[in-house]
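Listed below, chain by chain, are the residues.
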Amino acid sequence: MENQIFELQYAMDTFYFLVCGALVMWMAAGFAMLEAGLVRSKNTTEILTKNVALYAIACIMYLVCGYELMYGGGIFLGGIEEIDVEQVLADSAEEGFNGGAVYSGASDFFFQVVFVATAMSIVSGAVAERMKLWAFLAFAVVMTGVIYPMEGAWTWNGDDVFGMYNLGDLGFSDFAGSGIVHMAGAAAALAGVLLLGARKGKYTANGVNAIPGANLPMATLGTFILWMGWFGFNGGSVLKLGDISSAHSVAMVFLNTNAAAAGGAIAALITARLLFGKADLTMLLNGALAGLVAITAEPSTPTALQATLFGAFGGVLVVFAIITLDKLRIDDPVGAISVHGVCGLLGLLLVPITNGDVSLSGQLIGAATIFGWVFGTSLIVWSIIKAVIGLRVTEEEEYEGVDIAECGMEAYPEFTSGK
């Protein structure tokens, strides 16, 4: 009877991990729709191609070497370790339902690999409309196979890796990845954008020219898909469902994740109304995402009111971040650097407010380590790619749209005039 109970716990936790992983995988569709909606029609096919290809590359590279670098848990040739039923039962019997999570190693790999793809998806939108497709995919190989797994090893592994300290020993905590996933993706994007430059016509002597997206219904759909997928992103990071305490924690994470998104959306909408005199849909969408990013570092300890306020803080901050980047002439077509980078840092800094086991100094050191590593290595990789094959399409190709130049197709002929 006792073995049957533990087998049930193993089955529950494994199944929950897989379902949450599937929700996070669905976020890939959200990023694809959001980015496709916020670029011009002449760049739609290429942005969709990038999102499908980067997901596939992330899955392969994390299988080949990324998971091994991050956790030491198996590589492509060796595969994921086979289950030792007797050992699992022994561990479960020792710890009981109130002990640690017990689940299949394969489910852990699947849950982790969709996080890698999420980090890479952030880069896609920031470099949209002017980067060569194959330059982007070459970077994706390095980002998902080496850059992300290394910083993940210093944060989520729990052990000293490659002779370096583990950030958790310094009081650093990032529950589901405000810094480890989102700020890391934004840091890689920022490095690429600085080398790439702005889109033609975005900045002139007269100021900033708005380049609106071609399909706002698609962008709105993408935001709702991301909002939904985030329940798996944060909820799955509890790692366990098979006891009362963990089940309650999962429920609170879901509640707080939703509350933060709502708070971010409303705060961004009001902020945009006060600044621009109108309701700005793109700011509303980015506000919801900013709230989600801000709560991701610690969604389990705040109250629902605190989560709403944290999300609202992110919603206000993202509006000013987008405006500031434009003033600095850093061209980010979808606001990814502001949403995931600035609000990712905010999320890390908010953790000590509700989690007494975490120190502000530890969060600052962790944030600096993640940003420094990802930005520095990404800058090197982007520079090498630029020197070898180039990063940017020609001015004529950019004018005609990268759909033609990179994918050989013209989805919307009426927009080939460069509008």
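Residues numbered from 1 in each chain as written. Predicted model: local features only at pLDDT ≥ 70, side-chain atom pairs only at ≥ 80, totals over all residues. Heavy atoms only, no water.

Chemist: Give a detailed account of the overall build of the protein chain, specifying residues and quantitative values.
Modeler: Summing up its helical and strand segments, the protein chain has 14 helices and two strands in all. At a minimum sequence separation of 6, the contacts of the protein chain that also span at least 24 residues come to 81%. Working note: accessible area of the protein chain is about 16,700 Å², and carbon and sulfur atoms make up 66% of it. (Helix = DSSP H or I, 4+ residues; strand = E, 2+ residues; numbered from the N terminus. Contact = heavy atoms within 4.5 Å. Areas by Shrake-Rupley, 256 points an atom, 1.4 Å probe, with all protein chains shown as cover.)

Chemist: An account of the layout of surface pockets is needed here, citing residue identities and associated values.
Modeler: Size it by volume and the largest pocket reaches roughly 740 Å³. In terms of lining, the largest pocket is formed by 28 residues, of which the most central are Lys 202, Ala 210, Thr 282, Ile 322 and Asp 326. A breakdown of the residues in the lining of the largest pocket according to their chemical character gives 15 nonpolar, six polar and seven charged. (1 Å grid on protein atoms, 1.4 Å probe; cavity = no way out; pocket = protein on both sides within 12 Å on 5 of 7 lines; lining within 4 Å. Points joined across faces, edges and corners; volume = space filled by probe spheres on them. Nonpolar A, V, L, I, M, F, W, Y, C, P; charged D, E, K, R; others polar.)

Chemist: Break down the environment of Trp 373 for me, citing the residues and quoting the values.
Modeler: Among the secondary structure elements, Trp 373 is positioned in helix α12 (residues 360-388). Through-space distance from the C-alpha of Trp 373 to that of Met 150 is 8.9 Å; in sequence the pair is 223 residues apart. In contact with Trp 373, not counting residues within four places along its chain, are Ile 147, Met 150, Glu 151 and Trp 154.

Chemist: Describe a nonpolar patch on the surface, with residues and values.
Modeler: On the surface, Trp 134, Ile 380, Ile 384, Val 388 and Ile 389 cluster together to form a nonpolar patch covering roughly 560 Å² of accessible area. Here the nonpolar patch gets three residues from one element, more than from any other, and that element is α12. Relative to the elements of secondary structure, Ile 384 occurs in helix α12. (Patch = residues over 30% accessible without salt bridge, like charges linked within 9 Å, V, L, I, M, F, W, Y side chains within 5 Å. Salt bridge = Lys/Arg side-chain N within 4 Å of Asp/Glu carboxyl O.)

Chemist: Account for the confidence of the model for the protein chain, with residues named and values stated.
Modeler: A low pLDDT score tells you not to read the predicted coordinates there in detail. Confidence along the protein chain averages 91 in pLDDT terms, with 89% of residues attaining 70 or more. Contacts of residues 412-419 to residues separated by more than four positions or lying in other chains number 12 contacts, the stretch itself having pLDDT below 50. (pLDDT = per-residue confidence, 0-100.)

Chemist: Help me get a handle on helix α11 (residues 336-354), residues and values and all.
Modeler: Here α11 spans 27 Å end to end across 19 residues, near enough to the 27 Å set by a 1.5 Å rise per residue. Burial analysis of α11 places 14 of its 19 residues in the buried class, which makes it a mostly covered element. (Expected span 1.5 Å × (residues − 1). Buried < 20%, exposed > 50% of the residue type's maximum accessible area, 1.4 Å probe, protein only.)

Chemist: Please provide a residue-by-residue account of the pattern of salt bridges, values included.
Modeler: Going through the model one piece at a time under the given rule, you end up with five salt bridges. Ionic pairing is found between Asp 243 and Lys 240, a salt bridge with its closest N-O pair at 2.9 Å. As far as burial versus exposure is concerned, Asp 243 and Lys 240 are alike and both buried.

Chemist: With reference to specific residues and values, describe the side chain of Lys 240.
Modeler: Secondary-structure assignment places Lys 240 in the loop between α7 (216-235) and α8 (244-276). A relative accessible area of 3% places Lys 240 in the buried class. A distance of 2.9 Å separates the side chain of Lys 240 from the side chain of Asp 243, its partner in a polar contact. (Polar contact = N/O pair within 3.5 Å; in protein donor to acceptor, adjacent residues only side chain to side chain.)

Chemist: I'd like a rundown of helix α5 (residues 133-153), residues and numbers included.
Modeler: The end-to-end C-alpha distance of α5, which contains 21 residues, comes to 29 Å, matching closely the 30 Å that a straight helix rising 1.5 Å per residue would cover. Along α5, the helix axis deviates most sharply at Met 143, where the bend reaches about 45 degrees. Taking burial as the measure, the 21 residues of α5 include 16 buried ones, the bulk of the element. (Bend = angle between axes of the 7 residues up to and from the residue.)

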